[in-house]
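Per-entry structural report
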Amino acid sequence: MAMEFIVPGVQVDESDVGTRSTNQLSLAGIGIVGTFLKGPVNTVTTIGDEIAYVKTFGTDAPGLTGPKTVKGCFAQSANDLRIVRIAGAGYAPATLTLKDATKDTPADSIIVTATSPGVWGNALTVTVATNAKNGIDITVTDGDSMDIFKNVSLDNLPLTKNLVTLKKATGAVSLPAVVTDKALSGGNDGAPVTINDY
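Residues numbered from 1 in each chain as written. Predicted model: local features only at pLDDT ≥ 70, side-chain atom pairs only at ≥ 80, totals over all residues. Heavy atoms only, no water.

Let us now look at helix 1 (residues 50-57). Two or three places before Ile51, at the opening of helix 1, Asp49 has a side-chain oxygen 3.1 Å from that residue's backbone nitrogen. A positive phi of about 80° marks Gly58, the residue just after helix 1. (Polar contact = N/O pair within 3.5 Å; in protein donor to acceptor, adjacent residues only side chain to side chain. Helix = DSSP H or I, 4+ residues; strand = E, 2+ residues; numbered from the N terminus.)

Written as structure tokens, this is what we have:
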């Protein structure tokens, strides 16, 4: 180790210290706040992998602020994300009220509601079919994924799966009539988010 003075106030120190280690950045507990296709609003949701992320928050779409950040985190092997979806005023889930089979004036029977707000729910379709047990089966489809509710009765409601919640309509006394691919509607992402929404 040599110490050499070149001019007053300047010194050169040649130290043989070897490779210097750098601290690694922790990828645990990364928080992300942004807009997403679907998912709970203003609620912290812990996500550990891409499959759980897509199931809960959907895929990327134009104008969304959160998905690209999530994609970058997964590319760096992060596996502990805390995601909060935000939405502007007026957000609402898509719904569909299934009517019973009364001929003259069908009454409300079961209300189908998307599990989270947004226009994504408007793409959901509902099929009601009778089954061998004198009950009904309700299938909700969203592209490649579906929720299947077997042997639904008014007595075993509410029921919730990944896409929708089924709830008995107020005053309902009869099961819904058979329908095929009936779409939900009214889903709304709300007004464009502002800095105050974050």
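Moving on, we get to the environment of Leu98. In this fold, Leu98 is placed in strand 6 (residues 95-99). Residue classification places Leu98 among the buried residues on the basis of a relative accessible area of 2%. With 30 residues separating them along the chain, Leu98 and Val128 place their C-alpha atoms 9.0 Å apart. Not counting residues within four places of it along the chain, the set of residues in contact with Leu98 comprises Ala107, Asp108, Ser109, Ile110, Val112, Val126, Val128, Ile138, Pro176 and Val179. (Buried < 20%, exposed > 50% of the residue type's maximum accessible area, 1.4 Å probe, protein only. Contact = heavy atoms within 4.5 Å.)

Under the counting rule described, the total for this entry stands at five salt bridges. Of the charged contacts in the structure, one is a salt bridge between Asp60 and Lys68, with a shortest N-O distance of 2.8 Å. Given a relative accessible area of 38%, Asp60 falls into the partly exposed group. One salt bridge in this structure joins Asp80 and Arg82, with 2.9 Å as the shortest N-O distance. Owing to a relative accessible area of 35%, Arg82 belongs among the partly exposed residues under this scheme. (Salt bridge = Lys/Arg side-chain N within 4 Å of Asp/Glu carboxyl O.)

Formed by 24 residues in total, the largest nonpolar core has its most connected members in Ile110 and Ile138. If you list the elements that add at least two residues to this core, you get strand 6, strand 7 (108-114), strand 8 (125-130), strand 9 (136-142), strand 10 (145-152) and strand 12 (164-168). For Ile138, the residues in contact, after removing those within four places along its chain, are Leu98, Ile110, Val126, Thr127, Val128, Asp147, Ile148, Phe149, Val152 and Leu166. Among the nonpolar cores identified, the runner-up in size contains 11 residues, and Ile32, Ile47, Cys73 and Ala78 belong to it. (Core = buried A, V, L, I, M, F, W, Y, C linked by side-chain atoms within 4.5 Å.)

Turning next to the pairing of strand 8. Of the pairings in the sheet, the one linking strand 8 to strand 9 comprises six bridges and is antiparallel in character. If you follow Ala129 over to strand 9, its bridge partner there is Asp137. Two successive antiparallel strands, strand 8 and strand 9, enclose a turn made up of five residues, where Asn134 displays a positive phi of approximately 60°. Where strand 8 and strand 13 (residues 179-183) come together, three bridges link them in antiparallel fashion. Note on strand 13: the bridge partner recorded for Val128 is Val179. (Pairing = 2+ DSSP bridges.)

Attention now goes to unusual backbone geometry. The residue after Leu157, namely Pro158, is reached through a cis peptide bond having omega 5°. Non-glycine residue Ser77 carries a positive phi angle of around 70°. One can find Ser77 in the loop between helix 2 (67-75) and strand 5 (80-85). Ser77 sits in the exposed class, given a relative accessible area of 58%.

Once that is clear, we can look at a nonpolar patch on the surface. A cluster of nonpolar side chains, Val33, Ile195 and Tyr198, forms an exposed patch at the surface whose accessible area comes to about 330 Å². Among the secondary structure elements, Tyr198 is positioned in the segment after strand 13. (Patch = residues over 30% accessible without salt bridge, like charges linked within 9 Å, V, L, I, M, F, W, Y side chains within 5 Å. Areas by Shrake-Rupley, 256 points an atom, 1.4 Å probe, with all protein chains shown as cover.)

The sheet built from four strands is open, its strands ordered 10-9-8-13 with antiparallel pairing. Where the open sheet ends on each side, the last strands, each with one partner, are strand 10 and strand 13. For this sheet, the mean inter-axis angle between neighbouring strands, taken without regard to orientation, is 15°. (Axes fitted to C-alpha atoms, helices over the stretch in contact; angles between N-to-C directions.)

Everything listed is a geometric property; what it means functionally is a separate question.
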